[in-house]
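Observations on the three-dimensional arrangement
Here is what each chain is made of, one letter per residue.
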Amino acid sequence: MTGGRPRSARAFRRASRTLVGGVDSPVRAFGAVGGSPVFFARGRGSSLWDLDGHRYLDLVGSWGATILGHAPPPVVRAVAATARRGLSFGAPTELEHVLAERIRRAVPEVERLRFVSSGTEAVMSAIRVARGATGRSRILKFEGGYHGHSDGLLARAGSGVASASLPDSAGVPASFVGETRLAPYNDAEAVARLFEAEGDRIAAVVVEPVAGNMGVVAPRPGFLGAVSRLAHEHGALVVADEVITGFRLRRGTIHRRLGLTADLVTFGKVIGGGLPIGAYGGRREIMENVAPMGPVYQAGTLAGNPVVMAAGAATLDALTPAIYRRLERTSSAIAEGWRTAAAEAGVEDFPLARVGSMLGVTFAARAPRDLAEAMTVDRSRYARFFHAMLEAGVYLPPSPLETTFVSSAIGPRDVGRAVAAARTAFAALGRPR
Ligand SMILES: *Cc1c(COP(=O)(O)O)cnc(C)c1O
């Protein structure tokens, strides 16, 4: 990639004159890896092309949303056909219950659901429902868990926030996060202590069944089971935040298989096929607390947007068992290839974590198991690896604590490219000092 990316650099300078920091979401600004962000012109399948015409293998996948790769024909067709009939009505269309039925068929415990426009809104609203249903105010979240940027959840929120080394966020009154309690991920005893102390005031525990915003951290055996048992013993609800994992690790949700009994589930990313979406749902008697059925208010001008619904339904229709098998095969091949390449280059601090098509690429003695460990990863080695991969034509997340996502558009030849790029990158990186 000699010659650099002059058009991206120029676009970033221009964007910075109107957009805050030149971007609409902080991690995109490359603050955690240095350099100037790549501006993309188009994507197709597993590839992205930047403004200067360079091609990249995409391992970000719009942070997991584009599970089928870029511009998958059935999704693009559904979007185009729907758009021609009108972009938004602010009134019901059949497309909303069509997508809702797809989700419910795969996740039967979601008896009622509500679409919103982002994962942030989904979790924020699920928590409002939990508070409304229990009459309690406190919530328990895990350090390094990211559940969107709503005020009460911006406490030890992982990746974006942690990468910037901000403790939390300015502009969030202490009293707002005063209702939030924190426990280390994978620490059931800390959860037990919190419930012991104030269990009668906790409305809900919110948890990512596989943490994807502090690297990729799988739950330890027994952890999630203990979380839901403790919550339910104390009359609190459990919110499974499946904004990343929902329909990514399997058709439906993953929390039950990992031992978590949830009362409310949140979705986002994959279910919108690359368009803005969120959804929350649960048992009928809990969800019927939401307006117009109940006293918990939540609304959205563009919620259930027909174009988004059509994209979501077309995406879920394309997610066949064969696609999930392919995702597993591809992800495993990339992981194995990278591990071997690291070993061959004498790179000993590459403890790649993998849960299905979620890869945690970090440089550390071992893969992080909680936020404290995630904070000790070698950021400067990740930054060098990131840029070496970028030069070799592989686009990784521009932050050491974000998940690397595999799409079903990635084929065997792409795996070869990803592994060859890593060989070059590891050789340039050498041993840790
Ligand atoms: C991305 C994410 C969110 C927030 O979704 P947005 O659509 O970015 O608002 C919430 N929870 C988890 C687990 C996420 O990864």
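Residues numbered from 1 in each chain as written. Predicted model: local features only at pLDDT ≥ 70, side-chain atom pairs only at ≥ 80, totals over all residues. Heavy atoms only, no water.

Note on interface size: it is often stated as the accessible area lost on association of the parts. The domain boundaries assigned to the chain delineate domain 1 (6-67 + 320-429) and domain 2 (73-318). Facing the 31 residues of domain 1 at the interface are 34 residues of domain 2. When domain 1 packs against domain 2, close to 2,500 Å² is buried across both sides, 62% of that on carbon and sulfur atoms. By the criterion of area lost to domain 2, the three top residues of domain 1 are Y324, M358 and L371, representing 24% of everything that side buries. Viewed at the interface, domain 2 and domain 1 are joined by zero salt bridges. Secondary-structure elements contributing two or more residues to the side of domain 1 that touches domain 2 are α11 (321-344), β11 (353-355), β12 (358-360) and α12 (371-374). When its residues are assigned to classes, the side of domain 1 that touches domain 2 shows 18 nonpolar, eight polar and five charged. (Domains from an automatic or database assignment. Contact = heavy atoms within 4.5 Å. Buried area = accessible area lost by both parts, 1.4 Å probe. Salt bridge = Lys/Arg side-chain N within 4 Å of Asp/Glu carboxyl O. Helix = DSSP H or I, 4+ residues; strand = E, 2+ residues; numbered from the N terminus. Nonpolar A, V, L, I, M, F, W, Y, C, P; charged D, E, K, R; others polar.)

Moving on, we come to the nonpolar core. Ranked by size, the top nonpolar core spans 69 residues in total, and within it F247, W338 and F426 carry the most contacts. Looking at which domains feed residues into this core, each of domain 1 (6-67 + 320-429) and domain 2 (73-318) supplies at least three. Ignoring sequence-local partners within four residues, the contact set of F426 consists of W338, A341, A342, A345, V347, F350, F363 and F385. Counting residues in each nonpolar core, the second largest holds 29 residues, with V207, L224, A262 and A364 among its members. (Core = buried A, V, L, I, M, F, W, Y, C linked by side-chain atoms within 4.5 Å. Buried < 20%, exposed > 50% of the residue type's maximum accessible area, 1.4 Å probe, protein only.)

Turning our attention to a positive patch on the surface. A contiguous patch of positive charge, built from R7, R10, R13, R14 and R17, is present on the exposed surface. By the secondary structure assignment, R14 is in helix α1 (residues 6-15). (Patch = residues over 30% accessible without salt bridge, like charges linked within 9 Å, V, L, I, M, F, W, Y side chains within 5 Å. Areas by Shrake-Rupley, 256 points an atom, 1.4 Å probe, with all protein chains shown as cover. Lys, Arg positive; Asp, Glu negative; His and termini not counted. Charge placed at Lys NZ, Arg CZ, Asp CG, Glu CD.)

Moving on, we come to the sheet that holds strand β9 (residues 264-267). Pairing in this open sheet of seven strands is mixed, and the strands run β4-β10-β9-β8-β7-β5-β6 from one edge to the other. The outermost strands of the open sheet, each flanked by one partner alone, are β4 (112-116) and β6 (180-184). Neighbour to neighbour, the strand axes of the sheet diverge by 20 degrees on average, direction disregarded. Where strand β8 (residues 237-241) lies against β9, three bridges are found, and the strand directions are parallel. Directly across from V239, in β9, lies its bridge partner L264. Each of β4, β5 (138-143), β7 (202-207), β8, β9 and β10 (278-282) is contacted by helix α4 (residues 119-134), which is oriented at about 165 degrees to β9, the strand it contacts most. Where helix α8 (residues 223-233) meets the sheet, its contacts fall on β5, β7 and β8, and the angle it forms with β8 comes to roughly 145 degrees. (Pairing = 2+ DSSP bridges. Axes fitted to C-alpha atoms, helices over the stretch in contact; angles between N-to-C directions.)

As for its placement among the helices and strands, I254 is situated in the loop between β8 and β9. The residues touching I254, leaving out its near neighbours within four places in the chain, are P209, E242, T245 and L249.

Per the counting criterion, the structure on display carries 18 salt bridges. For the salt bridge of E198 with R181, the shortest nitrogen-to-oxygen distance reads 2.9 Å. A residue pair is termed long-range when its members are at least 10 positions apart, and E198 in helix α7 (residues 188-198) and R181 in strand β6 qualify at 17 residues. Among the salt bridges present, the one from E328 reaches R354, with a minimum N-O distance of 2.9 Å. Of this pair, E328 sits in helix α11 while R354 is found in strand β11, placing the two residues 26 residues apart along the sequence. With relative accessibility at 37%, the residue E328 sits in the partly exposed group. For R354, a relative accessible area of 28% corresponds to the partly exposed category. Taken together, the shared-partner salt bridges connect R138, E179, R181 and E198 into one network.

So, about the packing of aromatic side chains. Applying the stated criterion to the full structure yields 15 aromatic pairs. Ring geometry for F142 and Y185: centres 5.9 Å apart, planes at 85 degrees, overall edge-to-face. Separated by 43 residues along the polypeptide, F142 in strand β5 and Y185 in the loop between β6 and α7 bring together distant segments of the chain. A relative accessible area of 3% places Y185 in the buried class. A connected cluster of aromatic rings, assembled from ring pairs, spans F30, F40, Y56, F386 and Y395. One residue, R42, lies across the ring of W49, its end atom 4.0 Å from the ring centre. (Phe/Tyr/Trp six-rings, centres within 6.5 Å; stacked < 30°, edge-to-face > 60°. Lys NZ or Arg CZ within 6 Å of the ring centre and 35° of its normal.)

Before going further, it helps to spend a moment on the site of the ligand. All residues adjacent to the ligand are S118, G119, T120, Y146, H147, G148, E208, N213, D241, V243, I244 and K269. Side-chain polar atom of D241 to a nitrogen atom of the ligand: 2.7 Å apart, as the coordinates give it. In the complex, 83% of the free accessible area of the ligand, which totals 380 Å², lies under the protein chains. When grouped by side-chain class, the residues that make up the shell around the ligand number three nonpolar, six polar and three charged. (Near = heavy atom within 4 Å. Polar contact = N/O pair within 3.5 Å; in protein donor to acceptor, adjacent residues only side chain to side chain.)

So, on to the sheet that holds β12. The strand order β11-β12-β14 describes an open sheet built from three strands, whose pairing is antiparallel. In this open sheet, the two strands that pair with only one neighbour each are β11 and β14 (404-405). Pairing between β12 and β14: two bridges, direction antiparallel. For L359, the partnering residue across the bridge sits in β14 and is T404. Relative to β11, α11 is tilted by about 170 degrees, and along the sheet it contacts β11, β12 and β14.

Before going further, it helps to spend a moment on the packing of α7 against α8. Taken N-terminus to C-terminus, the directions of α7 and α8 make an angle of 5 degrees; their axes are 9 Å apart at the nearest point. Here α7 lies roughly parallel to α8, going by the angle between them. Contacts between α7 and α8 pair A188, V191, A192 and F195 from the former with F223, A226, V227, L230 and A231 from the latter. Split by residue class, the contact of α7 with α8 holds nine nonpolar, no polar and no charged. (Parallel < 35°, antiparallel > 145°, perpendicular 65-115°, else oblique.)

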